[in-house]
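So you can see what is in the structure, the chains are spelled out below.
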Amino acid sequence: MPRPVAHITAPWPTQDEMEKSLRISKARKRALQPLVDELRAKLSNRKEVPVALIEPEKRRKRASAA
Amino acid sequence: MPLLPDLKSVFLNVPYDEEFSSLYIAYIVGLCQLGLVPHLASEIPGGERRLTRIIQLIQSCRYSIHDLSRVEVNVAPSATPRFNMPLELGMTITWQVLNPGQHTWFVCESEPYRLQRSASDLNGTDPCIHDGTVVGVLRELRSAFRRDRAPSVPQMLTVYGLVDSALNSVFKKNGTRNPYNRSVFLDLCSLTVSLGTFYPPAKPAV
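Thresholds, definitions, all that
Residues numbered from 1 in each chain as written. Chains lettered and ligands numbered in written order. Predicted model: local features only at pLDDT ≥ 70, side-chain atom pairs only at ≥ 80, totals over all residues. Helix = DSSP H or I, 4+ residues; strand = E, 2+ residues; numbered from the N terminus. Rg over C-alpha atoms; globule rule 2.2 N^0.38 Å. Buried ≥ 20, exposed ≤ 12 C-beta atoms within 10 Å, placed from the backbone. Pairing = 2+ DSSP bridges. Axes fitted to C-alpha atoms, helices over the stretch in contact; angles between N-to-C directions. Parallel < 35°, antiparallel > 145°, perpendicular 65-115°, else oblique. Left-handed = near helix turned anticlockwise from the far one by under 90°. Contact = placed C-beta atoms within 7 Å. Nonpolar A, V, L, I, M, F, W, Y, C, P; charged D, E, K, R; others polar. Core = buried A, V, L, I, M, F, W, Y, C linked by C-beta atoms within 7 Å. pLDDT = per-residue confidence, 0-100.

Peer 1: Give me the lowdown on the overall build of chain B, citing residues and values where you can.
Peer 2: Across its full length, chain B holds eight helices and six strands. Along chain B, helices (α) and strands (β) appear in the sequence β-α-β-α-β-α-β-α-β-α-β-α-α-α when read from the amino end. Taken against the 2.2 N^0.38 rule, which gives 17 Å for 206 residues, the C-alpha radius of gyration of chain B at 17 Å falls within 12% of a compact globule. Along the longest, intermediate and shortest principal axes, the C-alpha atoms of chain B span 50 × 40 × 40 Å. Counting all 206 residues of chain B, 41% fall into the buried class.

Encoded structure:
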């Protein structure tokens, strides 16, 4: 049997539709807004993360903290 | 008869352990970035028996992902293999066979050919091999769920890095360090969706 592939032809959902499907409340959104603003600022100042940099270091750090 | 499944919904059947948390966040970020909605068993409010809730969740999702990469026996005393993920995969396969065309399931593994030993009944099923890495999870999700204008793996990785960097703030906000906690899960989804630059603008109110 070949590996299944899902070809998604439905239109891209809007952010509102995603939040509705996830049942994210307005209160939750409001509470997260400062963090979202902070991350958006980082995103606008940032280039793509080099793939090689993200993995082993972070996982080692997490494992040793546990 | 259950309602038709939500076409965006994906049931995420993953191990709930500390060492898996990076890959778990990668699944959340990757799925949300592809315009799909992840769902976890822990997300459903209590009340009914857990197994009943999981079955209802499988039925309500168009897709499911079953990560069987952590099948190894724990080294702690009274080491016990993990059966929850294969059990939920079995329930999903039954549902899919009884309702053709309503559900598509994917099996993920970190090592090639191990599935042939751990669950030989699945021979003939080609699993998604993510190599136990975040990049691998994002790459495999992007290959499994194909759609126009899908973000590239580096783009998804950028959002992953940001969401992951916010994890401690999310833990603090929720008073827990459990990434699988329902509220933490929803916060991680919400952050990813808020950072997604791939969604079209909201439709104007008529």
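Peer 1: Can you explain the overall build of chain A? Please cite residues and give values.
Peer 2: Counting its regular elements, chain A contains four helices and one strand. Walking chain A from its N terminus toward its C terminus, one meets helices and strands in the order β-α-α-α-α. Sorting the 66 residues of chain A into buried and exposed places 11% on the buried side.

Peer 1: Go over the sheet that holds strand β3 (residues 61-67) of chain B with me, naming the residues and quoting the values.
Peer 2: Taken together, the five strands give an open sheet; going across it, the order is β2-β1-β3-β4-β5 (chain B), and neighbouring strands pair in parallel fashion. What marks the edges here is a single partner per strand, and that holds for β2 (37-39) and β5 (128-129) of chain B.

Peer 1: Account for the pairing of strand β4 (residues 104-109) of chain B, naming residues and giving values.
Peer 2: All names here are of chain B. Most of β4 is tucked away: five of the six residues are buried. Across five bridges, β3 lies against β4 in parallel orientation. Note that in β4 the partner of His66 across the bridge is Val107. Note that β4 and β5 share two bridges and pair parallel. Residue Glu109 lies in a different strand from β5, and its bridge partner there is Ile129.

Peer 1: Any details on the packing of helix α2 (residues 50-60) of chain B against helix α3 (residues 84-98) of chain B? Residues and values, ideally.
Peer 2: Residues and elements named next belong to chain B. Their axes nearest at 10 Å, the elements α2 and α3 cross at an angle of 50°. The angle between α2 and α3 falls in the class oblique. The crossing of α2 and α3 is right-handed. Along its contact with α2, which presents Ile54, Ile55, Ile58 and Gln59, the element α3 presents Glu88, Met91, Thr92 and Trp95. When grouped by side-chain class, the residues that make up the contact of α2 with α3 number five nonpolar, two polar and one charged.

Peer 1: Talk me through unusual backbone geometry; I want residue IDs and the actual numbers.
Peer 2: For Arg23 of chain A, which is not glycine, the phi dihedral falls at a positive 55°. Here Arg23 of chain A lies in the loop between α1 (15-21) and α2 (26-44). Phi is positive for Tyr113 of chain B, which is not a glycine, with a value near 70°. Tracing the chain through its elements places Tyr113 of chain B in the loop between β4 and α4 (115-118). C-beta crowding within 10 Å serves as the criterion here: with 9 such atoms nearby, Tyr113 of chain B is assigned to the exposed category.

Peer 1: I'd like to hear about the nonpolar core, residue by residue, with values.
Peer 2: Counting 59 residues, the largest nonpolar core has Tyr27, Leu138 and Tyr160 of chain B as its most contacted members. Residue contributions to this core peak at nine residues, all from helix α1 (residues 21-33) of chain B.

Peer 1: Go over the pairing of β3 of chain B with me, naming the residues and quoting the values.
Peer 2: Residues and elements named next belong to chain B. With six of seven residues buried, β3 is to be regarded as a mostly interior element. In this sheet, β3 lies alongside strand β1 (residues 6-13) in parallel orientation, the contact comprising five bridges. Paired with Asn13 across the bridge in β3 is His66.

Peer 1: Residues and numbers for the confidence of the model for chain A, please.
Peer 2: Summary statistics for chain A give a mean pLDDT of 78 and a share of 65% for residues scoring 70 or more. Taken element by element, chain A is modelled with least confidence in helix α3 (residues 51-54) of chain A, mean pLDDT 48, and with most confidence in strand β1 (residues 6-7) of chain A, mean pLDDT 93.

Peer 1: An account of helix α5 (residues 134-144) of chain B is requested, with residue identities and associated values reported.
Peer 2: An α-helical turn contains 3.6 residues, so any two residues separated by three or four positions project in the same direction. Among the 11 residues in α5 of chain B, nine count as buried, and that is most of the element. By the burial criterion, the buried members of α5 of chain B are Val134, Val135, Gly136, Val137, Leu138, Arg139, Glu140, Leu141 and Ala144 of chain B.

Peer 1: For the environment of Leu122 of chain B, give the residues involved together with the corresponding values.
Peer 2: Residue and element names in this part refer to chain B. The topology assignment puts Leu122 in the loop between α4 and β5. Distance in space between the C-alpha atoms of Leu122 and Val71 is 15 Å, their sequence separation being 51 residues. Dropping the residues within four chain positions of it, Leu122 is found in contact with Val107 and Leu115.

Peer 1: Describe the environment of Thr104 of chain B, listing the residues and the values that go with them.
Peer 2: Relative to the helices and strands, Thr104 of chain B is located in strand β4. Exposure remark for Thr104 of chain B: the 17 C-beta atoms within 10 Å place this residue in the partly exposed category. Dropping the residues within four chain positions of it, Thr104 of chain B is found in contact with Pro4 and Ala6 of chain A together with Tyr63 of chain B.

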